[in-house]
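# Chains, contacts and geometry: an overview
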Amino acid sequence: MTIQPDYVKEELLHELSESFCMHNQLPPDLFTRYRIKRGLRNADGTGVLVGASHLGNVHGYILNEGEREPIEGRLTYRGYNVYDLIHGLEQENRFGFEEIGYLLMCGKLPSRRQLAEFQHTIGLERALPDNFTEDMIMRAPSRDIMNKLASATLALYSYDANPDETTVENIMRQGISLMAKFPVIISHAYQAKRRYFDNDSMFLHVPDPNRSTAENILHLIRPTGEFNDDEAKLLDRCLILHAEHGGGNNSSFTVRVTSSSGTDTYSAIAAAVSSLKGPRHGGANLRVVKQFEEMKENIHNWKDETEVGNYLRKILNKEAGDGSGLIYGMGHAIYTLSDPRAVALKKAARPLAEKTGYSDEMDLIELVEKLTPGVFAEIKGSDKPMCANVDMYSGFVYKMLGLPKSLYTPLFATARIVGWMAHRLEEVTTGGKIIRPAYKPVAKNIEYVNIDERNDGPIND
Ligand SMILES: CC(=O)SCCNC(=O)CCNC(=O)[C@H](O)C(C)(C)COP(=O)(O)OP(=O)(O)OC[C@H]1O[C@@H](n2cnc3c(N)ncnc32)[C@H](O)[C@@H]1OP(=O)(O)O
Ligand SMILES: O=C([O-])CC(=O)C(=O)O
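Bear in mind that the values here come from a model prediction, so they are computed numbers and not experimental data. (Residues numbered from 1 in each chain as written. Chains lettered and ligands numbered in written order. Predicted model: local features only at pLDDT ≥ 70, side-chain atom pairs only at ≥ 80, totals over all residues.)

Across its full length, the protein holds 18 helices and three strands. Its C-alpha atoms give the protein principal-axis dimensions of about 70 × 60 × 55 Å. Of all 461 residues assigned to the protein, the portion counted as buried reaches 40%. Here the analysis covers contacts within the protein between residues at least 6 apart in sequence; of these, 74% occur between residues at least 24 apart. (Helix = DSSP H or I, 4+ residues; strand = E, 2+ residues; numbered from the N terminus. Buried ≥ 20, exposed ≤ 12 C-beta atoms within 10 Å, placed from the backbone. Contact = placed C-beta atoms within 7 Å.)

Next up, the structure:
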């Protein structure tokens, strides 16, 4: 595969960008003057209420006399506490991701018969269409598996005999199919990346229809195809913890927005994958790992609070890290004292870190979690509580499971597909209105200028 040459000259780019910057400034007070709800947030930081949902409930604070009171985070799926769901599965020593998919998409926990039939259907649906891997993945491999997942999702439209119908039955059928196929797509896309970009060997294992999603992922990714039950159960729990997070998170809201226009399932889900890739959303799990790689290189003593604190100050001041000023894995739009998923992953990570020789790295992550709120308050002058989010520990767990970095965010998508599909079903059946907020127009009316009367500078006056 060859990379396209770039025909856009640097001088042209400079001129176009300068013109853009000169014509697109907004005075900072404009947002308060017009009470603009930036990021669809109210003035107190809470999300603007735009719908009602039976799905995930993300509980991170209590409103008391109009003030946000911080609390430990709680996450429920259709009313079930996610901790109880995982605890129940652990007691029964079962894989559970498929069952959670059933719960979210269909509304109830399945009986034994219902689950068996659902799992059997997922097993049959795992196979990709004939030559799909060759035509859609290997012919145009990508360095980024999220981009490949989005384009492969869009491509699946062509292989569906009834892609556009928006009945519950049809969307449900598409949801089961995507849920089954995502692990295979990301694994094959990863193998193609290894072959074409990393100059490494490619292993195209065949999915096993009788195995769970977590088992299939480990089987498809590992060169030997081998794994043990503990590893697969841990991955299954990670998938469950990532399955759903209410309608307001960026990717689920993307599903809501696109579905409200009446578009097809493949278009809506490809858009959600694209949203999740962003480093402020699901892509943070990859940034967290890069952030810690840099920290380990640049911090002499990982246990020294002063040295680690100073490094965090540098990140916030854009002098270290990726230059965004963000400490990845920290902060959340809703959670205040804790993100329950981070708490669960941290608990699972500790024994694994001790077993795999990563205790020092785990100590460093915990130290960053402990020091960030204080450093943030000091630099930003904000006393807003700040906790580790799900992305802080997920990549670390995947790393200890021997999973490659390029799959961290795709694994998030492979889990969240069930939440996205449930939101699509809910939007299509209960939304009832095209989502269409407003933007304050700020451009003044200008008379048309004939092309011969325009000047070559950035402004026509
Ligand atoms: C699956 C998930 O999507 S979980 C989130 C994964 N993302 C990350 O880990 C990236 C780092 N974290 C962040 O960028 C933010 O905390 C977000 C995007 C998760 C939430 O952002 P918001 O809802 O705007 O959070 P909040 O209202 O508390 O932010 C207040 C301010 O603190 C800043 N802030 C919040 N968290 C961080 C952080 N970790 N590092 C630096 N600054 C931060 C925000 O950018 C915002 O700045 P602004 O007022 O200049 O816009
Ligand atoms: O809720 C959010 O804004 C982001 C998040 O944690 C998720 O989607 O899992």
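Our focus in this paragraph is the sheet that holds strand β2 (residues 67-77). Within the open sheet, the three strands sit side by side as β1-β2-β3. Their pairing is antiparallel. Of all the strands in the sheet, just β1 (56-64) and β3 (80-81) have a single pairing partner and so form its edges. In this sheet, β3 lies alongside β2 in antiparallel orientation, the contact comprising two bridges. Bridge assignment links Thr76 to a residue of β3, and that residue is Asn81. (Pairing = 2+ DSSP bridges.)

Surrounding ligand 1, one finds 19 residues, the nearest of these being Ala284, Met330, Gly331, Ala333 and Asn389. Looking at the shell around ligand 1, its residues break down into eight nonpolar, eight polar and three charged. (Near = placed C-beta within 6 Å. Nonpolar A, V, L, I, M, F, W, Y, C, P; charged D, E, K, R; others polar.)

Below, the discussion takes up the pairing of β2. Relative to β2, β1 is paired through eight bridges, and the arrangement is antiparallel. Bridge pairing in β2 places Asn57 opposite Thr76. Between the antiparallel neighbours β1 and β2 lie two residues, among them Glu65 with a positive phi of about 50°.

Glancing now at unusual backbone geometry. Despite not being glycine, Glu65 has its phi angle at roughly 50°, a positive value. Looking at the secondary structure, you find Glu65 in the loop between β1 and β2. You can call Glu65 exposed: it has 5 C-beta atoms within 10 Å.

On to the site of ligand 2. Taken together, Val58, His245, Asn249, Ala333, Asn389 and Val390 form the complete shell of residues around ligand 2. Of the residues that constitute the shell around ligand 2, the class distribution is three nonpolar, three polar and no charged.

What follows covers helix α15 (residues 340-356). The first and last C-alpha atoms of α15 sit 24 Å apart over 17 residues, in line with the 24 Å expected at 1.5 Å per residue. Taken together, the buried positions of α15 are occupied by Pro340, Arg341, Ala342, Ala344, Leu345, Lys346, Ala349 and Ala353. Buried residues along α15 sit in contact with β2, α3 (82-91), α10 (229-241), α16 (359-380) and α17 (390-400). Phi turns positive, to about 80°, at Gly357, one or two residues after α15. (Expected span 1.5 Å × (residues − 1).)

Direction vectors running N to C along helix α7 (residues 145-156) and helix α18 (residues 408-431) enclose 35°, while the axes themselves pass 8 Å from each other. From α7, Ile145, Met146 and Leu149 reach across to α18, where they touch Thr409, Pro410 and Ala413. For the contact of α7 with α18, the residue count by class is five nonpolar, one polar and no charged. (Axes fitted to C-alpha atoms, helices over the stretch in contact; angles between N-to-C directions.)

Turning our eyes to something else, we now look at the UniProt feature "active site" (unreviewed entry) in the protein. In this numbering, the UniProt entry assigns the feature "active site" (unreviewed entry) to His332 and Asp391. With the annotated positions falling across 60 residues, the maximum pairwise C-alpha distance of 10.5 Å places them together in a single cluster. With respect to the helices and strands, the residue His332 is situated in the loop between α14 (305-316) and α15. Those residues in contact with His332 that lie beyond four places of it in its chain are Gly60, Asp339, Cys387 and Asn389. Relative to the helices and strands, Asp391 resides in helix α17. Residue class for Asp391 comes out buried when judged on the 31 C-beta atoms lying within 10 Å of it. The residues touching Asp391, leaving out its near neighbours within four places in the chain, are Ala284, Asn285, Val288, Tyr328 and Gly329. (UniProt positions renumbered as here; feature names shortened; annotations may be inferred.)

The domain architecture assigned to the protein consists of domain 1 (78-283 + 405-431) and domain 2 (285-400). The distance between the C-alpha centroids of domain 1 and domain 2 comes to 27 Å. Contact with domain 1, which involves 15 residues of that partner, is made by 14 residues of domain 2. Mapped by element, the contributors of at least two residues to the side of domain 1 that touches domain 2 are α3, α10 and α18. Classifying every residue of the side of domain 1 that touches domain 2 gives nine nonpolar, four polar and two charged. (Domains from an automatic or database assignment.)

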